[in-house]
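# Structure at a glance
The residues making up each chain are set out below.
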Amino acid sequence: MPTCVAVLDGCVLPVYETHIGPKSGLATQAFAGRRLAMHVEEQPSPSASAAEFVKVTLHEDCYEGYASAQDLSRLTSADSATPSNTPAATEGRSNAASSATDYALQLARACKGYLWGGCASAELGLDCSGLVQLAYAKGAGWWIPRDAWMQEKYCTPVARKDVQRGDLVFFGSKERATHVAFVVSCEDAASLSLPTNDAAALYYLHCSGYDMGRGGCGVDLLLFDENGGSSTTTTPPVGASLGSLGIGKPGWSRSDSTAHSDDSLGGVAQRYARVWRGFGRIENPLPPNTRLW
């Protein structure tokens, strides 16, 4: 049977995409107190080579990847039923969503930048779904799936008219979500010292990469017209010096995701508006060691 171990206090364990380790890319991270199962009969010995990588499954979200055998040899055995290093689960969906959003705002203030696979520490960097998962885990004591497409599938869909602070907004292709953000309030944006000029807009907090976004955390807007289309405006990234807003109002069709204005006007928010998929709501925490897909 796989051995269940605990990540040592103060240690963040990198988990990679494949058995070749860092060359394959970071898949996720395990912060202190998380549980995992190794796909070997015994723990690696202390003399294990750093070049050896062992397949692991993280207990809380059933996420798989490969960790260094040398790192795993330094971990301590633990009962798989022992809770992770997270607060007690918040009672009630709305309370959990509010607590997670509050924590996400704290993470955004401290985030050092975008890191593909980052989900353990704002200081080390986060990716979009890592921000959401870490905020729910540390802020509300709720575990949710790891990746954006998994989080979307786990959510209950929400109509635009019913969207609330703490709901999630998803972006991506027609096939699946590739980006996720927290719906936040105008007041939340103001609390980050970001200029706000449209209380009716839908504000979202996210950690975006370099191709589509800003390489870190920021707040952007979705503006919906009466015909169900969307126009957008973008604010500066969290922690940047504030200037005038870059405003663009492209006509955007939900049916074909085609923008009808110059891409230079809308910036980050315009690029994401083109691939907006919809909204979702986390209703319940994910039971530990549950494989959904």
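What counts and how
- Sequence positions are assigned chain by chain, starting from 1 and proceeding in written order.
- Residue-level local features of this predicted model are given only where pLDDT is at least 70; pairs of side-chain atoms are given and counted only at 80 or more, and the full residue set underlies all totals for whole chains, interfaces and linings.
- Each side-chain value is worked out from all heavy atoms of the structure, with water and hydrogens disregarded.
- Numbering of helices and strands starts at the N terminus; helices are DSSP runs of H or I of at least 4 residues and strands are runs of E of at least 2.
- Whether a residue is buried, partly exposed or exposed follows from its accessible area with a 1.4 Å probe, protein chains only, as a fraction of its type maximum: under 20%, in between, or over 50%, in that order.
- In this description, contact between two residues means that some pair of their heavy atoms is separated by no more than 4.5 Å.
- Only the protein chains shown count as cover for residues, and the accessible areas themselves come from Shrake-Rupley with a 1.4 Å probe.
- Whenever Lys or Arg places a side-chain nitrogen within 4 Å of a carboxyl oxygen from Asp or Glu, that contact is recorded as a salt bridge.
- Aromatic contacts are taken between Phe, Tyr and Trp rings whose centres are within 6.5 Å, Trp giving its six-membered ring; a plane angle under 30 degrees counts as stacked, one over 60 as edge-to-face, and the others as tilted.
- To estimate the expected span of a helix, subtract one from its residue number and multiply by 1.5 Å.
- Per residue, pLDDT captures the predictor's confidence, and it can take any value from 0 to 100.
- Inter-axis angles, ranging from 0 to 180 degrees, are taken between N-to-C directions of lines fitted to C-alpha atoms, where helices are fitted over the stretch in contact.
- Crossings are sorted by hand: turned counterclockwise from the far helix by less than a right angle, the near helix makes the crossing left-handed, and turned clockwise it makes it right-handed.
- Whenever two N or O atoms come within 3.5 Å, that pair is a polar contact, provided that in protein one can donate a hydrogen and the other can accept it, and provided that, for residues adjacent in sequence, both atoms are side-chain atoms.
- Pairs of strands are assigned from DSSP output, requiring at least two bridges between the strands.

## So, the overall build of the protein chain
Along its length, the protein chain carries six helices and 15 strands. Considering the protein chain as a whole, with its 293 residues, one finds that 54% of them fall into the buried category. Within the protein chain, residue pairs in contact and separated by at least 24 positions form 58% of the contacts whose partners lie at least 6 positions apart. As presented, the protein chain carries roughly 12,900 Å² of accessible surface, and 50% of it is formed by carbon and sulfur atoms.

## Brief notes about the pattern of salt bridges
Summed over the entire model, instances satisfying the criterion amount to 13 salt bridges. The closest approach of N and O atoms between Asp 127 and Arg 146, which form a salt bridge, is 3.1 Å. Taken together, the residues span a long stretch of sequence, with Asp 127 in the loop between α2 (93-110) and α3 (128-140) and Arg 146 in the loop between α3 and α4 (148-154) at a distance of 19 residues. Asp 127 gets classed as buried once you look at its relative accessible area, which sits at 6%. Its relative accessible area of 1% is what places Arg 146 among the buried residues. Here Arg 214 makes a salt bridge to Asp 220, at a shortest N to O gap of 3.0 Å.

## Let's talk about the packing of aromatic side chains
What describes a pair of aromatic rings is the distance from one ring centre to the other and the angle between the planes of the rings. Scanning the entire structure with this criterion turns up eight aromatic pairs. A centroid spacing of 5.3 Å and a plane angle of 65 degrees characterise the contact between Phe 171 and Tyr 272, whose relative ring orientation is edge-to-face. Here the residue Phe 171 occupies a position in strand β9 (residues 168-172), and Tyr 272 occupies one in helix α6 (residues 263-273), the gap between them amounting to 101 residues. Across this residue pair, the class does not change: Phe 171 and Tyr 272 are buried. Summarising the aromatic geometry, the rings of Trp 276 and Phe 279 are spaced 5.3 Å apart at their centres and angled 55 degrees between planes, so their arrangement reads as tilted. Since its relative accessible area comes to 9%, Trp 276 is described here as buried.

## Here we look at α3
A rise of 1.5 Å per residue sets the reference length of α3, with its 13 residues, at 18 Å; its end C-alpha atoms lie 18 Å apart and thus fit the reference within 8%. For α3, the buried fraction is high: 12 of the 13 residues fall into the buried class. Regarding α3, the residues found buried are Cys 128, Ser 129, Gly 130, Leu 131, Val 132, Gln 133, Leu 134, Ala 135, Tyr 136, Ala 137, Gly 139 and Ala 140. The inward-facing, buried residues of α3 contact α2, α4, β9, β10 (177-184) and β11 (202-208). Just past α3, the residue Gly 141 takes up positive phi, approximately 75 degrees.

## Describing the confidence of the model for the protein chain
Chain-level pLDDT for the protein chain is 80 on average; 76% of the residues reach the 70-or-more range. Mean pLDDT across the elements of the protein chain ranges from a minimum in strand β14 (residues 246-248), with 25, to a maximum in α4, with 98. Below pLDDT 50 for its whole length, residues 234-266 participates in 78 contacts with residues either more than four positions away or in separate chains.

## Focus: the packing of α2 against α3
At their nearest, the axes of α2 and α3 sit 8 Å apart, and the two run at 115 degrees to each other. Regarding α2 and α3, the two cross each other, and that crossing is right-handed. Residues Ala 96, Ala 97, Ser 99, Ala 100, Tyr 103, Ala 104 and Leu 107 of α2 form the contact with α3, whose own contacting residues are Leu 131, Leu 134, Ala 135, Tyr 136, Lys 138, Gly 139 and Ala 140.

## Brief notes about the side chain of Arg 34
Of note, Arg 34 is situated in the loop between β3 (26-30) and β4 (35-38). Polar contacts involving the side chain of Arg 34 include one to the side chain of Asp 61, which spans 3.1 Å.

## A look at the pairing of β10
Of all eight residues in β10, seven are buried; the element is thus mostly enclosed. Relative to β11, β10 runs antiparallel, the two being bridged by three bridges. When the bridges of β11 are listed, Val 184 appears paired with Tyr 203.

## Examining unusual backbone geometry
Positive phi, close to 60 degrees, is recorded for Cys 62, a residue that is not glycine. Summarising the element assignment, Cys 62 is placed in the loop between β5 (53-58) and β6 (64-68). If you check the backbone angles, Asn 289 has positive phi at about 55 degrees while not being a glycine. Inspection of the secondary structure puts Asn 289 in the segment after β15 (276-281).

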